[in-house]
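Given next are the chains, with one letter for each unit.
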Amino acid sequence: MNMLLAPALLALSVAAHAAPATYDIDPTHSYPSFEADHMGLSHWRGKLNKSAGTIVYDKATGAGSVDVKMDLASIDFGLDAMNAWATGDKFFNVEKNPNATFKGRFDGAKAGVPTQVVGELTLNGKTRPLTLTVHQLKCVPHPMLKRELCGADASGSFNREEFGLGAGKDYGFKMDVNLRIQVEAIAKE
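Description of the structure in this document.

Quick notes on the rules
Residues numbered from 1 in each chain as written. Predicted model: local features only at pLDDT ≥ 70, side-chain atom pairs only at ≥ 80, totals over all residues. Heavy atoms only, no water. Helix = DSSP H or I, 4+ residues; strand = E, 2+ residues; numbered from the N terminus. Buried < 20%, exposed > 50% of the residue type's maximum accessible area, 1.4 Å probe, protein only. Core = buried A, V, L, I, M, F, W, Y, C linked by side-chain atoms within 4.5 Å. Contact = heavy atoms within 4.5 Å. Salt bridge = Lys/Arg side-chain N within 4 Å of Asp/Glu carboxyl O.

The helix and strand tally for the protein chain stands at 2 helices and 11 strands. For the protein chain, the α and β elements follow one another from N to C terminus as α-β-β-β-β-β-β-α-β-β-β-β-β. For the protein chain, the spread of C-alpha atoms along the principal axes amounts to about 80 × 30 × 30 Å. Burial statistics for the protein chain: of 189 residues in total, 35% are counted as buried.

Structural data, given as structure tokens:
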């Protein structure tokens, strides 16, 4: 009888382990960043100091989803004057559009790890498709919280003019922006 139960118990164990888990993004370890052209001379780089959201991930299949909300008022170029301009009414206008969001689904899994996130970026009140390449995704037991901790790094690019953010174009600024979402998230209890 034990020989007959063993395969059934193993199948239940694998099925339970393969279920998708939900993770809360850790805002103290997640900083979406970007780089944008400055008149063809250099690239300005910055980050968003406040973000939140959730990730759903099935490690067995590589399926899942991402929902990241980025607080545009927390933009940090490393230059206060640039931060003030970017959050003001001439660019992001954070009073009207305080957040940017990226929502997507994992795709192209290899050995349970997705190779991309196919989704949509909402910025400046407009939503456009955006696919991010997953450079890394790894999960480990959190040493103090005793829950699973996952980290990922993904990037893609978009044309900011498509979001109504064409400032500087007449001065030779290129409109392409590279977005990198580096994130750590802890499994919900």
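Here the narrative resumes.
Turning our attention to the nonpolar core. Ile 55, Phe 92, Phe 102, Leu 121, Leu 123 and Phe 158 are the most contacted members of the largest nonpolar core, which totals 39 residues. If you tally residues by element for this core, the top one is strand E11 (residues 176-187), at 6 residues. In this view, Leu 123 contacts Leu 72, Phe 92, Ala 100, Phe 158, Phe 163 and Leu 165; residues no more than four positions away in its chain are not counted.

This part is about the pattern of salt bridges. Tallied over the entire structure, the rule returns 6 salt bridges. For the salt bridge of Arg 45 with Glu 35, the shortest nitrogen-to-oxygen distance reads 2.9 Å. Placement of Arg 45 in strand E3 (residues 42-48) and of Glu 35 in strand E2 (residues 33-38) is noted, with a sequence separation of 10 residues between them. Residues Glu 148 and Lys 59 are paired through a salt bridge, measuring 2.5 Å at the closest nitrogen-oxygen approach. In this pair, Glu 148 is assigned in strand E10 (residues 148-159) and Lys 59 in the loop between strand E4 (51-57) and strand E5 (64-71), connecting sequence segments 89 residues apart. Take Glu 148: its relative accessible area is 22%, and that puts it in the partly exposed class. For Lys 59, a relative accessible area of 32% corresponds to the partly exposed category.

Turning our attention to unusual backbone geometry. Of note, Asn 93 is a non-glycine position whose phi angle comes to about 50°, a positive value. Tracing the sequence through the fold places Asn 93 in the loop between helix H2 (80-87) and strand E7 (99-107). Of note, the phi angle at Lys 146 is positive, near 60°, even though the residue is not glycine. With respect to the helices and strands, the residue Lys 146 is situated in the loop between strand E9 (126-141) and E10. By relative accessible area, Lys 146 is classed as exposed at 66%.

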